[in-house]
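Descriptive analysis of the structure
The residues making up each chain are set out below.
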Amino acid sequence: MPDTPNCRLDGLSPADESAAEAEGDIALWDDLFSTLAEHQTPDGQHSFFVIHDGSATWGIPGAPQLIALHISRDLTARTFRIEQANQPTVPFAQLWLTGRGCPPDALQLPDGRHPEPADALTTRIERQIRHSGTRYETKDHYTHASVPHETWVMVRDSDPSAANLPVRIFLEETDLDALTYTLREGAFRDGTSANQWLFDRDTPLPEPPEHLVPADRRTRAALARSTTDHPATATSPPAAPAGPAPSAGAPSHRRGGRS
């Protein structure tokens, strides 16, 4: 039985026709709605939901399967309003709800009930999206309901750091056998090159420069690990070769040290 959203509308009336229609849609399709995450404000005035819409698999191929739902209540007037939007992935649903007052990290999927992030980069990119504010303008997206289990979202990035590569693709791929998923970000000059990559897939997704670690930093990190893992053993310095002592006033030199 799906975990249908608890909208908490008992004793309240729709504030307008839009709210009445949205309430009717929820009642009609609630047996196909499954709540993935929710946040209720302590004062009871707001509810935020990320919902999986099971009916989306019957519709237009590539259509998003998630709904971001915001319910606001006027507890004095005993009325409610409903805002909702179809979203391609959980982080973008969280971002949309954040724009309506939900704390960015309040909507977390419960552990053990859904595929888990496969690595730290996936978690970092998800948080980056949730906290991006108005940085991303969604241009297109597509959800594969069958193999390969993936969703991609194309956005225009307004952050100054992305000025040279402003079109980004966020690619989420799910491994249903391992019950894990990865999220990666690709950077492109324009929508044409981004669409060409999506069509061809003959090269790896081009990572944005900010995700790439310069070679010298990798080398320094490897040397640091090597030094930590294999500490040098203290030894006595070799005896100096016999020879005449330096004359008074001659400069003294030390090899391998700092003056």
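These numbers were taken from a predicted model, which means no experiment stands behind them.

Attention now moves to the nonpolar core. If you look at the biggest cluster of nonpolar residues, it comprises 14 residues, and the most contacted ones within it are Ile51, Leu69, Ile71, Phe80 and Ile82. When sequence neighbours within four positions are dropped, the list of residues in contact with Phe80 reads Leu9, Leu12, Ser13, Pro14, Ala15, Ala19, Glu23, Ser72 and Arg73. Core analysis: the next-biggest nonpolar cluster, separate from the first, contains 13 residues, Leu66, Ala68, Trp96 and Cys102 among them.

Let us look at helix H1 (residues 17–29). Compared with an ideal rise of 1.5 Å per residue, which puts 13 residues at 18 Å, H1 spans 19 Å between its outermost C-alpha atoms and is within 8% of the ideal. Among the residues of H1, those classed as buried are Ala19, Ala22 and Ile26. The buried side chains of H1 occupy one side of the element, clustering within an arc of 65° when seen end-on. Projecting away from the buried face of H1 at angles above 90 degrees are the exposed residues Glu17, Ala27 and Leu28. Contacts from the buried residues of H1 go to strand S1 (13–14), strand S2 (33–40), strand S4 (66–74) and strand S5 (79–87). By the N-cap criterion, in which a side-chain oxygen at the helix start approaches the backbone nitrogen of a residue two or three places on, H1 is capped by Asp16, the distance to Ser18 being 3.4 Å.

The next point concerns the sheet that holds strand S6 (residues 116–117). Spatially, S6-S10-S9-S8-S7 is the arrangement adopted by the five strands of the open sheet, whose pairing is mixed. The two strands at the open ends of the sheet, each matched to only one other strand, are S6 and strand S7 (136–143). When strand S8 (residues 150–157) meets strand S9 (residues 167–175), the two strands line up antiparallel, connected through seven bridges. If you follow Met154 over to S9, its bridge partner there is Ile169. Helix H3 (residues 120–130) contacts S6, S7, S9 and strand S10 (180–188) of the sheet and is inclined by roughly 60° relative to S10. Set on the sheet, helix H4 (residues 191–200) makes contact with S8, S9 and S10; between it and S9 the angle comes to about 20°.

We now examine the pairing of S2. Buried residues dominate S2, accounting for six of its eight residues. Taking the residues that link successive antiparallel strands as the turn, the S2-strand S3 (residues 46–53) hairpin has five residues, and the phi of Gly44 there is positive, at about 80°.

Calculation criteria
- Residues numbered from 1 in each chain as written.
- Predicted model: local features only at pLDDT ≥ 70, side-chain atom pairs only at ≥ 80, totals over all residues.
- Heavy atoms only, no water.
- Core = buried A, V, L, I, M, F, W, Y, C linked by side-chain atoms within 4.5 Å.
- Buried < 20%, exposed > 50% of the residue type's maximum accessible area, 1.4 Å probe, protein only.
- Contact = heavy atoms within 4.5 Å.
- Helix = DSSP H or I, 4+ residues; strand = E, 2+ residues; numbered from the N terminus.
- Expected span 1.5 Å × (residues − 1).
- Arc of directions from axis to C-beta.
- Polar contact = N/O pair within 3.5 Å; in protein donor to acceptor, adjacent residues only side chain to side chain.
- Pairing = 2+ DSSP bridges.
- Axes fitted to C-alpha atoms, helices over the stretch in contact; angles between N-to-C directions.

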